[in-house]
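Spelled out from the first residue to the last, the chains are:
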Amino acid sequence: MPGRRLILHVGVQKTGTTSLQRFLKLRAAELSDQVIVRTPEEGTPMRPLGRAAIAASLSDDKDHRQALRVAFEDVLDTVPDGPQTVILSHENLAGAMPGNGGETRLYPALPRIVKILRKCAQAYGFSGEVVLYTRQMLSWRPSVWAQAVRTDGYADTFQTFMDRTAGLPEWEDLVDRLRAALGSDVVTRLRLEDETDLGRPGRQLLLHAGIPAARIDALAPLDGAAMERLNGGSTEFLRQLNGLALNPHARDRVADLVARAQYLFTADAPSEGTL
């Protein structure tokens, strides 16, 4: 028996996940008769689940695999009984992206991670499907570099990053590896380029979850994009900052300040406020 339907939306990073999760969170109550949504909100078990997945992707040992199982079980324990489809959305379930923790490959650990998660889901009576969004490599790799600089302490230049990731295969390689590990009927690939309604991100995911198109279209749209890329000056400032031996907490505080005051790092625009 397949069990109650559970969709693992594993990202990947830089494919519109933040906006999608924001939309799901804001509309969760309206859709609660059909779907139960879990996103990585502060203070919820989804946060440690994401950290456990990153750690397990960078170090494949018994302790990290067990920590991933425990973190996932903590999330499943929060899901209420009922017939609704469950959507668990966290981009870090894909594991470390290129530029994070020395990774330069295309999510080599993702099949292993989702096999662990699916086995846990099935033990709880869920089906355990996998959905991932992809984005054209030509625009994805530069966005990943900027994100790695912003959030992961990456200190190398854009050109160095592009050189180190020049051998990345196309997304079909990752999808094929996932389907080989899980089965072709378990894995669904969605393309970010096919998201035609920017105000209602994740439309393809909601359709896949069984929400009628007319109901999705009736939901109030978002009022703006989330987690937009920093401007070039801000990114370069953080890149150079990443080369210093700063306490990670202090570095993250500075990154937050930079994100809120990007005008200070825009050479071709007048400054705002008092310097």
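Just above sits the structure.
Because the structure is predicted, anything quoted here is derived from the model rather than measured.

Chemist: Now, about the packing of aromatic side chains: what can you tell me, with residues and values included?
Modeler: As enumerated under the stated definition, the model contains five aromatic pairs in all. Relative to Trp-171, the ring of Trp-140 has its centre 4.8 Å away and its plane inclined at 75 degrees; by these criteria the two rings are edge-to-face. Taken as a pair, Trp-140 in helix H5 (residues 137-151) and Trp-171 in helix H7 (residues 171-182) lie far apart in primary sequence, 31 residues in all. Considering the side-chain rings of Trp-145 and Phe-158, the 5.3 Å spacing of their centres and the 75 degrees angle between planes classify their relative orientation as edge-to-face. Note that Trp-145 is positioned in helix H5 and Phe-158 in helix H6 (residues 158-164), a separation of 13 residues in sequence. One aromatic cluster in this structure is built from Tyr-107, Trp-140 and Trp-171.

Chemist: So what's going on with helix H1 (residues 17-27)? Which residues, and what values?
Modeler: Inspection of H1 places Thr-17, Ser-19, Leu-20, Gln-21, Phe-23, Leu-24 and Arg-27 among the buried residues, and these make up the whole buried set. On its buried face, H1 sits against strand S1 (6-9), strand S2 (35-38), strand S3 (85-89), strand S4 (129-134) and helix H8 (203-208).

Chemist: Let's hear about the nonpolar core: which residues, and what values?
Modeler: Ranked by internal contacts, the top residues of the largest apolar core, which has 56 residues, are Leu-49, Leu-68, Phe-72, Leu-88, Tyr-107 and Trp-140. For Phe-72, the contacting residues outside a window of four places in its chain are Leu-8, Leu-49, Leu-88, Leu-117, Cys-120 and Ala-121. Leu-20, Leu-31, Leu-205 and Leu-222 belong to the second-largest nonpolar core, a separate cluster that totals 18 residues.

Chemist: I'd love a proper account of the pairing of strand S5 (residues 187-191), names of residues and values included.
Modeler: The buried fraction of S5 is high, at four of five residues. Judged from the five bridges that link them, S4 and S5 form a sheet pairing that is parallel. Pairing of Val-130 across the sheet is with Val-187, part of S5.

Chemist: I'd like a description of the sheet that holds S3, backed by residues and values.
Modeler: In space, the five strands of this open sheet follow the order S2-S3-S1-S4-S5, with parallel pairing throughout. This sheet does not close on itself; its edge strands, each paired only once, are S2 and S5. Going across the sheet, the axis of each strand differs from the next one's by a mean of 20 degrees, ignoring polarity. The pairing of S2 with S3 spans four bridges and is classified as parallel. Considered in S3, the bridge of Ile-36 is made with Val-86. Along the sheet face, H1 touches S1, S2, S3 and S4 and points at about 140 degrees away from the line of S3.

Chemist: Summarise the side chain of Thr-134; cite the residues concerned and give the values.
Modeler: Along the polypeptide, Thr-134 turns up in strand S4. For Thr-134, a relative accessible area of 1% gives the class buried. There is a polar contact of 3.0 Å between the side chain of Thr-134 and the side chain of Arg-189. Thr-134 has contacts with Thr-15, Trp-171, Arg-189, Leu-190, Arg-191, Leu-192 and Glu-193, leaving out every residue within four places of it along the chain.

Chemist: Can you explain the pairing of S3? Please cite residues and give values.
Modeler: Judged by how many residues are buried, S3 sits mostly within the fold: five of five residues are covered. Across the two faces of S3 the burial is the same, with Thr-85, Ile-87 and Ser-89 and Val-86 and Leu-88 all buried. Strand direction decides the pairing type here: S1 and S3, joined by four bridges, are parallel. Bridge assignment links His-9 to a residue of S3, and that residue is Ser-89.

Calculation rules
Every chain is numbered independently, its residues counted from 1 as its sequence is written. With the structure being a predicted model, the display of local features is reserved for residues of pLDDT at least 70 and the display and counting of side-chain atom pairs for 80 or more, all residues being used for whole-chain, interface and lining totals. Computation of side-chain values covers all heavy atoms of the structure but excludes hydrogens and water. The rule is short: rings of Phe, Tyr and Trp, with Trp giving its six-membered ring, pair when the centres are within 6.5 Å, and they are stacked under 30 degrees, edge-to-face over 60, tilted in between. Only DSSP runs of H or I reaching four residues or more are called helices, and only runs of E reaching two or more are called strands; each is numbered from the N terminus. Between buried and exposed lies partly exposed: a residue is buried under 20% and exposed over 50% of the maximum accessible area for its type, with that area taken using a 1.4 Å probe on protein chains only. It only takes one pair of heavy atoms within 4.5 Å for two residues to be counted as in contact. For this analysis, a nonpolar core means a set of buried residues of the types Ala, Val, Leu, Ile, Met, Phe, Trp, Tyr and Cys, connected via side-chain atoms within 4.5 Å. Pairing between strands is defined by DSSP: at least two bridges between them are needed. Fitted lines through C-alpha atoms give the axes, limited to the stretch in contact for helices. The angle between two N-to-C directions lies from 0 to 180 degrees. Under the rule applied, a polar contact is a pair of N or O atoms within 3.5 Å (in protein, one hydrogen donor and one hydrogen acceptor; residues adjacent in sequence only if both atoms are side-chain atoms).

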